[in-house]
Amino acid sequence: DAKTTQPPSMDCAEGRAANLPCNHSTISGNEYVYWYRQIHSQGPQYIIHGLKNNETNEMASLIITEDRKSSTLILPHATLRDTAVYYCIVRKNNYGQNFVFGPGTRLSVLP
Amino acid sequence: DSGVTQTPKHLITATGQRVTLRCSPRSGDLSVYWYQQSLDQGLQFLIQYYNGEERAKGNILERFSAQQFPDLHSELNLSSLELGDSALYFCASTLEGDYGYTFGSGTRLTVV
C-alpha cells in the first residue's frame, strides 16, 4: 500500500474549518484514501473514504486532487470534541487488505 | 457504543504471566482484526480472522496467539508477558464488503 505523509500537529480555532492535508504521491489507481481519527485513547473511528471524487458525509468532506497525489480532510465547523489524532491511510479494497496506521496528525481545537 | 465489545477494559499482570483478551464483533460482522498500540510504536496490526479462519498476520509475536470461535467472538492470548507488552489492544470488526472498520474501546494491558 502507498505511504502517506501528514503534518505531525495542527491547531484550529473552535467554530472554524479544520483542513487536514495528506500527501500520497505514490498512490496507485485502485487505492482508496481513508481517514480515521482517534480521540485520546479511544478506538479509532472511521470518518470518510474516497477514490477520486470528492466525498461528503455528516462528519467531514474529503477533497482529492485530480492527480490523486494528495487530499484534504475538512471538518467544516470544528468543535473541542474534534481534538484527536487524524490518520490518512491509503489502501486497496481487496479482500484481506488491512489498514496500516501511520503517526497521523494531532489536531488541537482551541477555544 | 460502536457495537464491538472488548473485555476486560483494564488488566494489570506480572511479567511471565499469560492473559486472554476477548472481543465480540458487531452483530453480523464476520471479520475480526487485532491491533496493538504502544506509546512508541503507534497502531500495529497483529492478526485478522474471517469466519473462524486466520486470514492475515501482521507483526504478531510468537508468544501471542488468537482464535475466532463459531459464535464469531475472538480471543487474543498473550503469554510469557514482558514489560514491553504493555499497550492498548484494540479489536475491530467488519462485514466483507464494508469499507471501514469498527473498533472497540480497547483493553489496556499493564505488565509490571
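Above this text is the structure in question.
Source: prediction; values computed, not measured.

Q: Which residues make up the overall build of chain B, and what values do they have?
A: Each helix and strand in chain B was counted, giving zero helices and eleven strands. Along chain B, helices and strands appear, N-terminal first, in the series β-β-β-β-β-β-β-β-β-β-β. A total of 112 residues make up chain B; the buried ones form 49% of that total. Counted over contacts in chain B with a minimum sequence separation of 6, partners at least 24 positions apart contribute 53%. One finds the centroid of the 8 positive side-chain charges in chain B at a distance of 4 Å from the centroid of its 12 negative side-chain charges.

Q: Mind laying out the pattern of salt bridges, listing which residues take part and the relevant values?
A: Enumeration according to the criterion identifies five salt bridges over all chains in this entry. We note a salt bridge from A:Lys92 to A:Glu31, for which the minimum N-O separation is 3.7 Å. Taken together, the residues span a long stretch of sequence, with A:Lys92 in strand E8 (residues 84-92) and A:Glu31 in strand E3 (residues 31-38) at a distance of 61 residues. Note on A:Lys92: relative accessible area 22%, which makes it partly exposed. A:Glu31 gets classed as buried once you look at its relative accessible area, which sits at 2%. B:Asp85 is paired through a salt bridge with B:Arg63; the nearest N and O atoms lie 2.8 Å apart. Pair noted here: B:Asp85 is in the loop between strand E8 (74-78) and strand E9 (87-94) and B:Arg63 is in the loop between strand E6 (53-57) and strand E7 (64-68), with a separation of 22 residues, a long-range link.

Q: A description of the side chain of B:Thr94 should follow, citing residues and the corresponding values.
A: All names here are of chain B. With respect to the secondary-structure elements, Thr-94 resides in strand E9. For Thr-94, a relative accessible area of 4% puts it in the buried group. The contact partners of Thr-94, leaving out residues within four places of it in the chain, are Asp-29, Leu-30, Ser-31, Tyr-33, Gly-100 and Tyr-101.

Q: Before we move on, can you summarise the sheet that holds E8(B) with the specific residues and values?
A: Residues and elements named next belong to chain B. Sheet architecture is open: four strands sit in the order E1-E3-E8-E7, paired in antiparallel fashion. The open sheet has two edge strands with one neighbour each: strand E1 (5-7) and E7. Across this sheet, the average inter-strand angle for adjacent strands is 15 degrees, counted without regard to direction. Note that E7 and E8 share five bridges and pair antiparallel. Following the sheet pairing, Ser-65 is matched in E8 by Asn-77.

Parameters and conventions
- Residues numbered from 1 in each chain as written.
- Chains lettered and ligands numbered in written order.
- Predicted model: local features only at pLDDT ≥ 70, side-chain atom pairs only at ≥ 80, totals over all residues.
- Heavy atoms only, no water.
- Helix = DSSP H or I, 4+ residues; strand = E, 2+ residues; numbered from the N terminus.
- Buried < 20%, exposed > 50% of the residue type's maximum accessible area, 1.4 Å probe, protein only.
- Contact = heavy atoms within 4.5 Å.
- Lys, Arg positive; Asp, Glu negative; His and termini not counted.
- Charge placed at Lys NZ, Arg CZ, Asp CG, Glu CD.
- Salt bridge = Lys/Arg side-chain N within 4 Å of Asp/Glu carboxyl O.
- Pairing = 2+ DSSP bridges.
- Axes fitted to C-alpha atoms, helices over the stretch in contact; angles between N-to-C directions.

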